Amino acid sequence: MSNQGVTYHVPVLLKETVDGLNIIPNGTYVDVTYGGGSHSKEILNRLGDNGHLYAFDQDEDAIRNKIDDERLTLIEGNFENLKKYLRLEGVKQVDGILADLGISSHQINMPKRGFSIRYDEKLDMRMNRSAEMSAFDVVNNYDERSLRIIFSQYGDLRNAGTLARSIVVAREDGEIKTTGDLIGIVSKHFPKLKQNKFLAKLFQAIRIEVNGEIEALKKMLLQSADVIKKGGRLSVISYHSLEDRLVKRFIRDGIFEGQPEKDIFGNVSVPFKKIGKMIVPDEEEIARNPRARSAKLRIGEKL
């Protein structure tokens, strides 16, 4: 491995998430969010010689960080195309899927990527750097209503309307080019003592929009129901309330909204059953890794 996973990304709920897969030594597993490879490494530690792991990432830094193990196939692509990529590898079904949603420590700590509020850099935030749309496009081209919806839904920001308005007004004086420009425009709308917390939520909202994270998550979850074998596991960590609601609802009902369909006898057919309760990090892990504070792990078993 070219970098140590620990320095690239501090994993959250590492043992609990992999425990949730209930790994069979000769099984086939998927880590749809490879990142620094910490979860993948733990899965490989539990697999036998005949087991195999397929991992996904669309970030070229993560691809360069590949673990040297013949039991690992690292796919450079978005997990929203899960079934397509697995089919290209000759795989129709797997024994489990792990997802650690959100952003890696490495991406936040790389100034040029524009993910962090700590550095004054170009507004970028693309996980796939060959993608066309960046944070610059969202901040400079989206209309006020679209910005308000993004800030409200993806950032849980109560003053989303005020923030959207301030950005649209500021654009009249010229393009908003850097993270510093954006922070200078919106910071006055946040309480001083909690400014960083609210700025992080704003950046999160823009990042989710830039990368189409909510739609990608929905597509991946729907495909997981086809790909995971009966008795196989789905183990997902989310960091945002909207993501967690989607994961919770999908494991419970197999859909994201409305009511699940019933057969003529009134029975509901759902693809998964939930395993245990939602798991959150303990205080010790949060002290070690503050990013873990908002993490929620949910586990489902294929019926």
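Residues numbered from 1 in each chain as written. Predicted model: local features only at pLDDT ≥ 70, side-chain atom pairs only at ≥ 80, totals over all residues. Heavy atoms only, no water.

Some remarks on helix α10 (residues 179–186)
Then, number 1: Taken together, the buried positions of α10 are T179, L182, I183, I185 and V186. Relative to the axis of α10, the buried residues are bounded by an arc of 160° and lie together on one face.
Then, number 2: In the core, the buried residues of α10 are packed alongside α7 (135–141), α9 (160–171) and α11 (195–210). (Buried < 20%, exposed > 50% of the residue type's maximum accessible area, 1.4 Å probe, protein only. Helix = DSSP H or I, 4+ residues; strand = E, 2+ residues; numbered from the N terminus. Arc of directions from axis to C-beta. Contact = heavy atoms within 4.5 Å.)

So, the nonpolar core
Then, number 1: Residues I97, F151, L182 and I206 are the most contacted members of the largest nonpolar core, which totals 64 residues.
Then, number 2: Not counting chain neighbours up to four residues away, the residues in contact with I97 comprise L21, V30, V32, L82, M220, S224, V227, I228, R233, L234 and S235.
Then, number 3: Counting 15 residues, the second-largest nonpolar core is a separate cluster that includes L47, A55, I67 and L98. (Core = buried A, V, L, I, M, F, W, Y, C linked by side-chain atoms within 4.5 Å.)

Let's talk about helix α12 (residues 213–227)
Then, number 1: The end-to-end C-alpha separation of α12 is 20 Å, in line with the 21 Å expected for 15 residues at 1.5 Å each.
Then, number 2: Those residues of α12 that sit buried are E213, I214, A216, L217, M220, L221, Q223, S224, A225 and V227. (Expected span 1.5 Å × (residues − 1).)

Notes on the side chain of S134
Then, number 1: Mapping S134 onto the fold places it in the loop between α6 (105–109) and α7.
Then, number 2: With near-sequence residues (within four places) excluded, S134 lies in contact with L123, D124, R126 and V210.

Side note on the layout of surface pockets
Then, number 1: In this structure, the second largest pocket spans a volume of roughly 250 Å³.
Then, number 2: Taken together, 18 residues line the second largest pocket, and the ones lying closest to its centre are Y154, E213, I214, E215 and K218.
Then, number 3: Of all the elements, α12 adds the most residues to the lining of the second largest pocket, at six residues.
Then, number 4: Its residues placed into classes, the lining of the second largest pocket shows seven nonpolar, four polar and seven charged. (1 Å grid on protein atoms, 1.4 Å probe; cavity = no way out; pocket = protein on both sides within 12 Å on 5 of 7 lines; lining within 4 Å. Points joined across faces, edges and corners; volume = space filled by probe spheres on them. Nonpolar A, V, L, I, M, F, W, Y, C, P; charged D, E, K, R; others polar.)

A short note on the packing of helix α8 (residues 144–155) against α9
Then, number 1: Contact geometry of α8 with α9 gives a least axis separation of 8 Å together with a crossing angle of 140°. When the axis of α8 is compared with that of α9, the two are oblique. Once α8 is placed against α9, the crossing between them reads as right-handed. Here α8 contributes E144, L147, R148, F151 and S152 to the contact with α9, which in turn contributes A160, G161, L163, A164, R165, I167, V168 and R171. (Axes fitted to C-alpha atoms, helices over the stretch in contact; angles between N-to-C directions. Parallel < 35°, antiparallel > 145°, perpendicular 65-115°, else oblique. Left-handed = near helix turned anticlockwise from the far one by under 90°.)

Description of the pairing of strand β4 (residues 94–100)
Then, number 1: Extensive coverage of β4 is indicated by the burial of seven of its seven residues.
Then, number 2: Pairing between strand β1 (residues 28–31) and β4: three bridges, direction parallel. Bridged to D31 within β4 is L98.
Then, number 3: When β4 meets strand β5 (residues 228–238), the two strands line up parallel, connected through six bridges. Considered in β5, the bridge of G96 is made with R233. (Pairing = 2+ DSSP bridges.)

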